Protein chains: 2
Amino acid sequence: MDLGIDRQALVPVVQQIVSAVTEWIRKGGMTPGTRLPSIRQLALDNLLSQSNVVEAFDRLVAQGVLASKQGSGFVVAQPPTSHENHWYEGAEQGWAAFTDGPLGELKLGCGWLPDTWRESDDISYAVREVSRTDTQGLFSYSPPLGLLALREQLFKRLTRIKIATSLDRILTTNGASHAQDLLIRTLLKAGDTVVVETPGYGNLYRQLAFHGVMLLQVPRTHGGPDIPALEALLRNHRPKCLFINSLYHNPTGTSLCQGVAERLLELAHSEDFLIIEEDIFGDLQHANCTRLAALPHDDRVIYVSSFSKTLSSALRVGYLSASTAVIAQLASLKTLTGIGTSRFAEAVVATLLANGTYRKWVQRLRKRLNTQMADTLQVLEDEEWQVFAVPSGGMFLWARPGATDHSRLQACARRLSVLLSPGALFNPGGEHSDWLRINVAYAADQRALALFRAMGPARSTSTILKTTGM
Amino acid sequence: MDLGIDRQALVPVVQQIVSAVTEWIRKGGMTPGTRLPSIRQLALDNLLSQSNVVEAFDRLVAQGVLASKQGSGFVVAQPPTSHENHWYEGAEQGWAAFTDGPLGELKLGCGWLPDTWRESDDISYAVREVSRTDTQGLFSYSPPLGLLALREQLFKRLTRIKIATSLDRILTTNGASHAQDLLIRTLLKAGDTVVVETPGYGNLYRQLAFHGVMLLQVPRTHGGPDIPALEALLRNHRPKCLFINSLYHNPTGTSLCQGVAERLLELAHSEDFLIIEEDIFGDLQHANCTRLAALPHDDRVIYVSSFSKTLSSALRVGYLSASTAVIAQLASLKTLTGIGTSRFAEAVVATLLANGTYRKWVQRLRKRLNTQMADTLQVLEDEEWQVFAVPSGGMFLWARPGATDHSRLQACARRLSVLLSPGALFNPGGEHSDWLRINVAYAADQRALALFRAMGPARSTSTILKTTGM
C-alpha cells in the first residue's frame, strides 16, 4: 500500500498518513471490516517510522475511521450513522473533542489553538532541562499542594494581576476541569443549587449535573452576568455558588465590567454564596481587566486557571487560589482521589515560568490572536454576520449569519469541511441556538472565509457552490 | 549562612541543604517565626543554584520545618505538637506521605522505592525522545481512552500475563488511585456495601468512605481473603464489589492461591458482585502467579494497575481493563472530571515499554528486591520477629517483634530515626495493631538493622542504647 508520503510537504507526515488512509477507504469504497496492512508493513512499504504509523492509526481510531481488532490489527470501522458528527462537538461533547475530523476538517469552533500555532523549542528545552537536572521531578510524588517551585511562580503571576494570595492558598491540579471537579466535590452536595452563565462551558454544566447539582441560568451579557436576572433568581433561590468566566468568556468572548463585578461581590456577601471564577484564557490579557479575585472579596471568590489553553494541553497543569481552609480540604481530596499531580509536568511549567519563556510566548500569542480577531471581525462585518459583542481579547467570537438559515449553514459547513460549534452545545439543556462559537485562530483559513461569504448577504446557493468549487 | 555543602559527597546537594537547615534550626535553637535568608542569598553564599535551594525549601515546608510567609520569604515553622509524626504515616495518611521525615529518617514503612534505587538514564532518554519527535505529545490532549501507542503496549503486557482484553477495553488513568476513584464514582453510590480486605490500603478505605460506601471487612490470610469469613458476610449482605490485591498484597506481601481465586470467582457469580483487582506491584512478578483477571471471569473482574511503584510516581500513569460498557462510562467520567490524562506522560511510558527498557528495569528491580527480601527475612528470623507470611516477591513484609512492647518499639524507632508504618494505618477504623509494614528496600540500612536487633530477644534497654550508640 503506497501512501504517497511527501517528505518535503509542509503537512506533517502523520497527518499525511491519516489523509492517505482516509482517501484509500473513501476512494476504494472499502467496506467496514476490511483489514488494513500491519503497522510494520505500512512503515516498511513507505519508509516510515513505525511510531508515525502508530500515531496516525491512533488518530484514525479516535476519529472512528478505523477500529482495532483483537489479535488481528486494524480494520475499517463502521461509518457513523448520521452526518451530525460533521458538526464540531468541542470539548463540550467529550469524545469528539480530541480528534481531527475524519476528513481533516477545519475546526473553526474548536476550544484550543491549532497545532500549527504551537512552538515546541521552548517546551522541549524545559522538558530536557528537568530530565537532566531534577531526579525527584522524574520519579517522586508531588507534595499535596503541588510543587513549591511552581507555586512560587504562580504566586508571582497572581500578585502581578493583583490577586492577593500566598503559597499555602495555591493548589495545583490536572488542569482547570480537575480543579472544578475538586471544588464541586468539596463545596457542593447533590440537591444543592448553583448559578451558571448561559451560554457557557458545556463540560462544566455536565460536571455539575453529574454531581446532582441544580443549575440556575443567568444570561451572559456584554459586561458579565445579567444583574437584574440574577437578582430575580436570588429572590427565590439560595444558590451556594456562582460559576463565572470573567475574561474572554467561553463562548461569547465578553469580559466582566467593573460595575457588574462590584455588584456581584455585594450580592455574594448579602446572599451568602461563593464565586468560582475560571480564568483559563486570562494569560491572554491585553490591558487592564476586571477580575473578581483581584477585588476585595473576603474569601468569597475562588480563582481557577490553567496552562492548557496557552502553553500545552498535554501536560495537564492547572491551579486554583482559595482560602487556606478550602485549600486544605481540596488538597486532602486531591490526594485521596489520585495521590497527586505530576511532579514532572509541574517542574516543566515552573521552569518555563521562571526563565521568562512563558511570558514571551504568551506575548507573541496575544499579538497573533489580536490580529486574527481584528481580521475576522472585519470579514464578518463585510459579510453582514451578527457579532454578539466585540471581544477585547482571547480567541472566541460569538456570531451568527445575518440571515439565519440553520439547515443551509449546516449544509455549507459540511460541503466546506468546516466543523462548527453550534450554540446548543453551550446551553445546559442543549436547546437550539443560532449562535456559533468561532475560534479566530482558525478563521483565516480559506474554508472559513468561504463559509462566512457563503452565509453572507445576497448570494444564492448556486453562487456559493460555484465560489467554493462544489 | 554557610551550609557546609560538600560537592564530593554521595548525598545529593538538595538533601545536604535540607539537613543543614534542619541542623541550623535545631542546634541554634531557632524559635518559630525566625526568618531564613532569602533563596537568592543562600544560593549566592553557598555557590548553589537557586533551584536546588527552592527544592530543599520545598521539602522543608512539606516537612513542617519551614513555613512560607507571604511577601517575606521563609520562617521557622511551629514545631509539631506531638512526636507521633515520627511514626511514618505513609501514603495512607496523605500529607505526611510525600516528605522525608523532618530529621532525614529512614522510611522503613514506606510504600515506594528509595530515590537511591531509581535509574534516571532510561527515563531521561524517553523524555527527550518524546520532546524531540512528538509534537502532539508535547501539546495535545490525549484521546479519552488514553494514547493508542500506550494502550497497544498495555495490551501486549496484559496478554503476556494471560489477561484477555482488547484495545477498547483498556483505559489509562492518572495512577491506580485515580482508576479506583473513577470506578467508585461509576459503579457505586452512597449507601452501597463493598467488601475490603483487612489489613489493606488505607487510602482505598478512605476513598470508599468519602463516597459514603459501607465497608465489610474480610481478613486477609496467606492465600487471599478468608473464604469462610467472606461466605459468612455474604449470607447477610449483598455487596456490589470486592476490592482485592492478588499479588504482593499491601501490606502483608501475600499472594492469592489458585483455590481461593476459583472460589472467589464462583462467589462473584452466584452472589452477583464485581471484583476490583488492583495489581500495582504485579510487574515485580517472579514466576507463575494467580490473577483473577487471568481466569475466566465473564467481565466480573476489573483489573487496575500503574507504573507508579516500578517506573515513576512523578508521571502519574495508571490503567485498567474492564468490559467495553464499563470502559465507556469511565472514559466519559474521566473526560468530564479532568478532560483527560497527560499525553506527554503516556508517550514517555509507551516509549519505555516499546523499546524494552521497562522490561529490563523491572527485571533488575525484581532481582534486587528478592535479595533484600531474603536478607531481611533472615535478619528477622535471627532476631525472632514474627513474620505474617513469607512473601513470594514484591517489596512488603508484615511483621512484628517477638515480644510485643509497643511503646518500647515506638521509643526505639524514634531514637534510631526510623519511620514506621504501624498496623493501625491498614485498618479501616484505625484500630491498634502490633503488626508493621516493612519495605525491604529500606531494610538493609544500619538503622533498620539496629531496630530489628533492639526489638530482638534477650536484650535489655541498656544494651540497645549501647549497641546503637545512644
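Residues numbered from 1 in each chain as written. Chains lettered and ligands numbered in written order. Predicted model: local features only at pLDDT ≥ 70, side-chain atom pairs only at ≥ 80, totals over all residues. Heavy atoms only, no water.

(A) View of the overall build of chain A. Secondary structure assignment for chain A yields 16 helices and 14 strands. The C-alpha atoms of chain A give a radius of gyration of 23 Å, which matches the 23 Å a tight globule of 470 residues would have. Projected onto the principal axes, the alpha-carbon positions of chain A cover approximately 65 × 60 × 40 Å. Burial statistics for chain A: of 470 residues in total, 61% are counted as buried. A separation threshold of at least 6 residues defines the contact pool for chain A, and within that pool the share at least 24 residues apart is 73%. Within the structure as shown, chain A displays about 17700 Å² of accessible surface, and the carbon and sulfur contribution to it stands at 52%. Of the side chains in chain A, 46 bear a positive and 44 a negative charge, and the two mean positions are spaced by 3 Å. (Helix = DSSP H or I, 4+ residues; strand = E, 2+ residues; numbered from the N terminus. Rg over C-alpha atoms; globule rule 2.2 N^0.38 Å. Buried < 20%, exposed > 50% of the residue type's maximum accessible area, 1.4 Å probe, protein only. Contact = heavy atoms within 4.5 Å. Areas by Shrake-Rupley, 256 points an atom, 1.4 Å probe, with all protein chains shown as cover. Lys, Arg positive; Asp, Glu negative; His and termini not counted. Charge placed at Lys NZ, Arg CZ, Asp CG, Glu CD.)

(B) Main features of the relation of the copies chain B and chain A. With an RMSD of 0.1 Å, chain B superimposes on chain A once it is rotated by 180° and translated 0.0 Å along the axis. Between the two chains, the operation in question is that of a two-fold axis. Taking C-alpha positions as reference, the residue of chain B nearest the rotation axis is Arg 128 of chain B, located at 2.9 Å. The fraction of interface residues of chain B whose copies in chain A are also interface residues reaches 100%, indicating that both copies meet through the same surface. (Least-squares fit on C-alpha atoms with pLDDT ≥ 70 in both.)

(C) Spatial organisation of the pairing of strand E10 (residues 318–321) of chain B. Residue and element names in this part refer to chain B. Here E10 shows a buried face lined by Gly 318 and Leu 320 and a second buried face lined by Tyr 319 and Ser 321. Bridge count for strand E3 (residues 170–173) against E10 is four bridges, and the pairing is antiparallel. Paired with Leu 171 across the strands is Leu 320, a residue of E10. Across four bridges, the pairing between strand E9 (residues 301–306) and E10 is antiparallel. Note that in E10 the partner of Ser 305 across the bridge is Tyr 319. (Pairing = 2+ DSSP bridges.)

(D) Region of interest: the confidence of the model for chain A. Residues and elements named next belong to chain A. Within chain A, residue pLDDT values average 88, and 90% of them lie at 70 or more. Confidence drops under a pLDDT of 50 for residues 80–101, and excluding neighbours within four residues, the segment shows 70 contacts in the predicted structure. For this predicted complex, the interface confidence score (ipTM) comes to 0.80, while the overall pTM stands at 0.81. (pLDDT = per-residue confidence, 0-100.)

(E) Quick look at the pairing of strand E12 (residues 396–400) of chain B. Residue and element names in this part refer to chain B. Most of E12 sits inside the fold, with four of its five residues counted as buried. Sheet topology places strand E11 (residues 386–387) next to E12; two bridges connect them, and they run antiparallel. Paired with Gln 386 across the strands is Arg 400, a residue of E12. In the sheet, E12 pairs with strand E14 (residues 436–439) via four bridges, with the strands oriented antiparallel. Following the sheet pairing, Phe 396 is matched in E14 by Asn 439.

(F) Structural detail: the environment of Ser 72 of chain A. Residue and element names in this part refer to chain A. Turning to its location among the elements, Ser 72 is positioned in the loop between strand E1 (66–68) and strand E2 (74–76). Taking relative accessible area as the criterion, Ser 72 reaches 22% and is therefore assigned partly exposed. For the pair Ser 72 and Arg 118, spaced 46 residues apart in the sequence, the C-alpha separation amounts to 36 Å.

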